[in-house]
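# Analysis of the macromolecular model
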Amino acid sequence: METRVTATPDAKPRGTRLPRLARRRQLLSAAQEVFVENGYHAAAMDEIADRAGVSKPVLYQHFPGKLELYLALLDLHVDDMVNRCREALASTNENKLRVQATFSAFFDFVSTQGEAFRLVFESDLRNVAPVRQRVERSLRECAEMVSAVIQEDTGCTSDEAHLLGVGLVGMAEVSARYWVTTQGSIPKDAAEQLMARLAWRGISGFPRTA
């Protein structure tokens with residue numbers, strides 16, 4: 001399954017036939033550019049089709065409407081973010097390094113080509129139920145993975161570990177989103193380490209029991 005979409009579509013002249021998955025990838029790439037540039041409400045299916053170099057009927061063969069297209073793109077990036085968090089937590093058994101890796105995962109996500117993170121965290125559709133549910137699911141899954149590690153290694157109850165997990169994920173998300181708006185005033189590696197140190201100073205205060 002495709003999990004990451006680059007920002008620049010491999011546009012083909014109209015009439016060029018592509019395998020279905022390649023065409024879908026092309027359409028999603030073009031849609032990402034248009035949605036990021038214009039927001040959902042101002043984005044037009046005509047523009048997405050033009051950007052991809054296809055006719056509107058071809059676009060509608062793959063996606064019956066603009067919302068379905070947006071949700072398909074959102075699913076890819078939500079899954080990408082969750083997978084990055086999962087890989088970070090599984091990358092080491094050393095909790096200090098796990099904290100660092102998790103913050104790196106969020107900073108990497110907001111740094112991906114095409115500003116895909118804006119579709120997840122800054123969508124003008126956040127009040128639309130299918131969009132809100134997907135975004136909330138992604139953050140919830142990340143928090144649950146973090147809280148599982150916390151509960152396993154400390155004497156925290158399930159509720160306490162979950163609250164700590166939500167706090168750490170929220171810190172990673174908000175700080176990464178803020179950092180990207182500063183246009184690199186602090187180098188990415190330095191920003192990751194700064195926030196990871198802050199988080200570790202807090203979470204390391206809970207002694208390990210395992």
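Just so we're clear, the structure is a prediction, and the values are computed from it rather than from any experiment.

Further remarks concern the UniProt feature "DNA-binding region" (unreviewed entry) in the protein. Residues annotated by UniProt as "DNA-binding region" (unreviewed entry) correspond here to residues 44-63. Between the end C-alpha atoms of residues 44-63 the distance is 13 Å, and the span holds 75% helix and 0% strand.

Residues annotated in UniProt with the feature "domain: HTH tetR-type" (unreviewed entry) correspond here to residues 21-81. Helix makes up 87% of residues 21-81 and strand 0%. Its end C-alpha atoms lie 22 Å apart.

On to the state of the cysteines, then. Scanning the model with the defined rule gives 0 disulfides in all. Free of any disulfide, C85 has its nearest neighbouring cysteine sulfur in C142, separated by 3.8 Å. For C142, a relative accessible area of 0% puts it in the buried group.

A few words on the packing of aromatic side chains. Per the stated rule, a full pass over the model turns up 5 aromatic pairs. Ring centres of F35 and Y70 lie 5.0 Å apart, and the angle between their planes is 85°; on these two criteria the pair is classed as edge-to-face. Of the two residues, F35 is situated in helix α1 (residues 20-42) and Y70 in helix α4 (residues 66-90); the sequence distance between them amounts to 35 residues. Both residues of the pair, F35 and Y70, count as buried. Consider the rings of F107 and W179, whose centres lie 5.6 Å apart with planes at 55°: the pair is tilted. One end of the pair, F107, is in helix α5 (residues 95-110); the other, W179, is in helix α8 (residues 158-181), and 72 residues separate them in sequence. Each member of the pair, F107 as well as W179, carries the same accessibility label: buried. Across the ring face of Y40, the terminal group of K66 is positioned such that the distance to the ring centre comes to 4.4 Å.

The rules behind these values
Residues numbered from 1 in each chain as written. Predicted model: local features only at pLDDT ≥ 70, side-chain atom pairs only at ≥ 80, totals over all residues. Heavy atoms only, no water. UniProt positions renumbered as here; feature names shortened; annotations may be inferred. Helix = DSSP H or I, 4+ residues; strand = E, 2+ residues; numbered from the N terminus. Disulfide = S-S within 2.5 Å. Buried < 20%, exposed > 50% of the residue type's maximum accessible area, 1.4 Å probe, protein only. Phe/Tyr/Trp six-rings, centres within 6.5 Å; stacked < 30°, edge-to-face > 60°. Lys NZ or Arg CZ within 6 Å of the ring centre and 35° of its normal.

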